[in-house]
Amino acid sequence: ESVSGPELSMRMFEPLEKLGVENLYGIVSGIEDKGDYKVVKTGDEEYQTKTVIIATGAKHRHIGVAGEEEYNSRGVSYCAVCDGAFFRNQDLLVVGGGDSAVEEGIYLTRFANSVTIVHRRDELRGDKHSQEKIFAMPNVEFVKSALPKSIKGDKKVSAIEIEYKKTGEIVDIPVDGIFVAVGMIPNNQLVPDFVNTDDAGYVIADETGKTNAKGFFVAGDLRTKDLRQVLTAASDGANAIKSVTDYLNEI
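Just so it is clear, the model here is predicted, and its values are computed rather than measured.

*Asks:* Explain a positive patch on the surface to me, please; I cannot follow it from the model alone.
*Replies:* A contiguous patch of positive charge on the surface is contributed by Arg120, Arg121, Arg125 and Lys165. Relative to the assigned elements, Lys165 resides in the loop between strand E11 (157–164) and strand E12 (170–174). Using a relative accessible area of 49% as the deciding quantity, one classes Lys165 as partly exposed.

*Asks:* Just checking my understanding: could you explain the layout of surface pockets for this structure?
*Replies:* Rolling a probe over the atoms, with the probe sized like a water molecule, indicates the empty space that remains. Computed from the structure, the second largest pocket encloses a volume of approximately 1200 Å³. For the second largest pocket, the lining is made up of 28 residues, of which Asn23, Leu24, Val52, Ile53 and Ala55 are closest to its centre. Looking at the lining of the second largest pocket, the elements that each hand over two or more residues are strand E1 (28–33), strand E2 (38–42), strand E3 (46–49), strand E4 (52–54) and helix H5 (230–250). The element best represented in the lining of the second largest pocket is H5, accounting for five residues. Partitioned by chemical class, the residues of the lining of the second largest pocket number 17 nonpolar, nine polar and two charged.

*Asks:* In this structure, what is going on with the packing of aromatic side chains? I would like to understand it.
*Replies:* Given two aromatic rings, their pairing is described by the distance between the two centres and the angle made by the two planes. Under the criterion given, the structure shown has five aromatic pairs. Summarising the aromatic geometry, the rings of Phe135 and Phe142 are spaced 5.8 Å apart at their centres and angled 50 degrees between planes, so their arrangement reads as tilted. Between the aromatic rings of Phe217 and Tyr247, the centroid separation amounts to 6.0 Å while the plane-to-plane angle is 75 degrees, which identifies the pairing as edge-to-face. With a gap of 30 residues between them, Phe217 in strand E15 (residues 216–218) and Tyr247 in helix H5 connect regions that are remote in the sequence. Of the two residues, Phe217 and Tyr247, neither departs from the other in class, the shared state being buried. The ring of Tyr202 carries Arg228 above its face, with NZ or CZ at 3.9 Å from the centroid.

*Asks:* What is the right way to read the nonpolar core from this model?
*Replies:* The nonpolar side chains of a soluble globular protein tend to be buried with one another. One finds Val94, Leu108, Val115, Ile117, Ile134 and Phe179 to be the most contacted residues of the largest nonpolar core, which totals 19 residues. Elements with a minimum of two residues in this core: strand E7 (91–95), helix H3 (99–108) and strand E8 (114–118). The dominant element in this core, judged by the number of residues it contributes, is H3, at five residues. Setting aside chain neighbours within four positions, we find Ile134 in contact with Val102, Gly105, Ile106, Ile117 and Val140. Residues Leu93, Val143, Ala146 and Ile160 belong to the second largest nonpolar core, which totals 17 residues.

Cut-off values and rules
Residues numbered from 1 in each chain as written. Predicted model: local features only at pLDDT ≥ 70, side-chain atom pairs only at ≥ 80, totals over all residues. Heavy atoms only, no water. Patch = residues over 30% accessible without salt bridge, like charges linked within 9 Å, V, L, I, M, F, W, Y side chains within 5 Å. Areas by Shrake-Rupley, 256 points an atom, 1.4 Å probe, with all protein chains shown as cover. Salt bridge = Lys/Arg side-chain N within 4 Å of Asp/Glu carboxyl O. Lys, Arg positive; Asp, Glu negative; His and termini not counted. Charge placed at Lys NZ, Arg CZ, Asp CG, Glu CD. Helix = DSSP H or I, 4+ residues; strand = E, 2+ residues; numbered from the N terminus. Buried < 20%, exposed > 50% of the residue type's maximum accessible area, 1.4 Å probe, protein only. 1 Å grid on protein atoms, 1.4 Å probe; cavity = no way out; pocket = protein on both sides within 12 Å on 5 of 7 lines; lining within 4 Å. Points joined across faces, edges and corners; volume = space filled by probe spheres on them. Nonpolar A, V, L, I, M, F, W, Y, C, P; charged D, E, K, R; others polar. Phe/Tyr/Trp six-rings, centres within 6.5 Å; stacked < 30°, edge-to-face > 60°. Lys NZ or Arg CZ within 6 Å of the ring centre and 35° of its normal. Core = buried A, V, L, I, M, F, W, Y, C linked by side-chain atoms within 4.5 Å. Contact = heavy atoms within 4.5 Å.

Shown next, in the form of structure tokens:
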């Protein structure tokens, strides 16, 4: 059964109110470490605390073409694991050429009638073993040196317009679904400089949520991990709270 994001959030939020948990609102502008305590700054207030969990998440990188926003969730998706099963026996297209695009394509072959991968370069950049696996599949086609120009449809996606870089030719490819796999962007603007991040900007932490900085924890899509979904984010939240409790009992 489907549930909207706001509705799910409220279902999780309401039990906290019944338990008397205090909820404060404000736009955070900065976080400082004062040693024994931390300071979280908002527009008008400063909150002193012994621990901070940063859970600002990440967002899918968009390709920025006409129709992408219009047909988001109406044929345009950013997660094959989340939405692939809804496109059973249909013609699908993946935009991208890295590991995530190859993995999305391989996963979609379980459901799709056909999978077309559109990449701006002549060769994919994904893992060689994964490339060999996907190219061995009979229902996969690779369109190279091509750029998406627009996404077309009526009530849902019906085609994607692409331009071949070398010739300038513009063509429409009929598709039932488009999966954009050009990476994600961590929402790390509020992560203090003393909290370690990887090359992509994700906060480095294992499933405990503990960062390199004492009293600072991370949960959700902002954390370094393989799978970013609501389920793993909720699990991160539980692990982070356990780590916070252990930390407070030790100091």
